[in-house]
Amino acid sequence: ELGRIEQYVEMVLCYLRLASLSSDLVLQEYSLADCIRRTVKKFAVVFLHKKISLHWEETDVRVLTDEKWLCFCLEQLFANVVQYAAKGSVRITFQGDTLSIADTGIGIAPEDLPRVCEKGYTGLNGRREKKATGIGLYLCKRILTKLGHRLTITSQLGEGTTASITFPRERVLWD
């Protein structure tokens, strides 16, 4: 519960800083694996508690991004996995210039999919679960756009959801 409270407070603070986000960005070269590892570690206890298995083959890719804001977005994506993929699994992959986080959760209704990144939109799952804020994916989309990255969400109802972050090719560096 403390973790969830901390996450909600962080979302509020992020929302308040969104207007002046450009002045807080520090674009540098970062290890994508380090960012993912930090996020996985933060959610490890919840993954174990909810019996969510993790499949991830680390890569030695580095990306030009802002580490703090990228990690915030990864945390939001993992929070959705934890909320909607109980007793399922999550697979993290990196191919070409795209990081994908795919879960085997309840999925998103086709009519909700185009709107999941709109501010305040919770969709069918959010109304059913009554725990959604409709702000997490909105913040991710806005932040990743400011970073020059692209967020794409695909889903099949009852089968799972994949959140993909595409980095501009010139910002992907292989060790």
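Residues numbered from 1 in each chain as written. Predicted model: local features only at pLDDT ≥ 70, side-chain atom pairs only at ≥ 80, totals over all residues. Heavy atoms only, no water.

With that out of the way, let us pick up the packing of helix H3 (residues 67-84) against helix H5 (residues 136-146). Following both chains from N to C, one finds H3 and H5 inclined at 150°, their axes separated by 9 Å at the closest point. Here H5 runs roughly antiparallel to H3, going by the angle between their axes. Along this stretch, H3 crosses H5, giving a crossing that reads as left-handed. Taken together, the residues of H5 that come into contact with H3 (itself represented by Trp69, Leu70, Phe72, Cys73, Gln76, Leu77 and Asn80) are Gly136, Leu137, Leu139, Cys140, Ile143 and Leu144. Among the residues forming the contact of H3 with H5, the class breakdown is ten nonpolar, three polar and no charged. (Axes fitted to C-alpha atoms, helices over the stretch in contact; angles between N-to-C directions. Helix = DSSP H or I, 4+ residues; strand = E, 2+ residues; numbered from the N terminus. Parallel < 35°, antiparallel > 145°, perpendicular 65-115°, else oblique. Left-handed = near helix turned anticlockwise from the far one by under 90°. Contact = heavy atoms within 4.5 Å. Nonpolar A, V, L, I, M, F, W, Y, C, P; charged D, E, K, R; others polar.)

Turning next to the state of the cysteines. Each disulfide consists of one covalent bond between the sulfur atoms belonging to two cysteines. Summed over all chains, the structure comprises zero disulfides. The thiol sulfur of cysteine 117 is not disulfide-bonded, and the nearest other cysteine sulfur, from cysteine 140, lies at 7.7 Å. (Disulfide = S-S within 2.5 Å.)

Turning our eyes to something else, we now look at unusual backbone geometry. The backbone phi angle of lysine 51 is positive, close to 60°, even though this residue is not glycine. Within the secondary structure, lysine 51 sits in the loop between helix H2 (32-49) and strand E2 (53-56). Lysine 51 gets classed as exposed once you look at its relative accessible area, which sits at 59%. (Buried < 20%, exposed > 50% of the residue type's maximum accessible area, 1.4 Å probe, protein only.)

Turning our eyes to something else, we now look at the packing of aromatic side chains. Following the criterion strictly, the structure yields four aromatic pairs and no others. Taken together, a centroid distance of 6.0 Å and an interplanar angle of 35° make the contact between phenylalanine 43 and phenylalanine 78 tilted. Here the residue phenylalanine 43 occupies a position in helix H2, and phenylalanine 78 occupies one in helix H3, the gap between them amounting to 35 residues. An identical accessibility class is assigned to phenylalanine 43 and phenylalanine 78; each is buried. (Phe/Tyr/Trp six-rings, centres within 6.5 Å; stacked < 30°, edge-to-face > 60°.)

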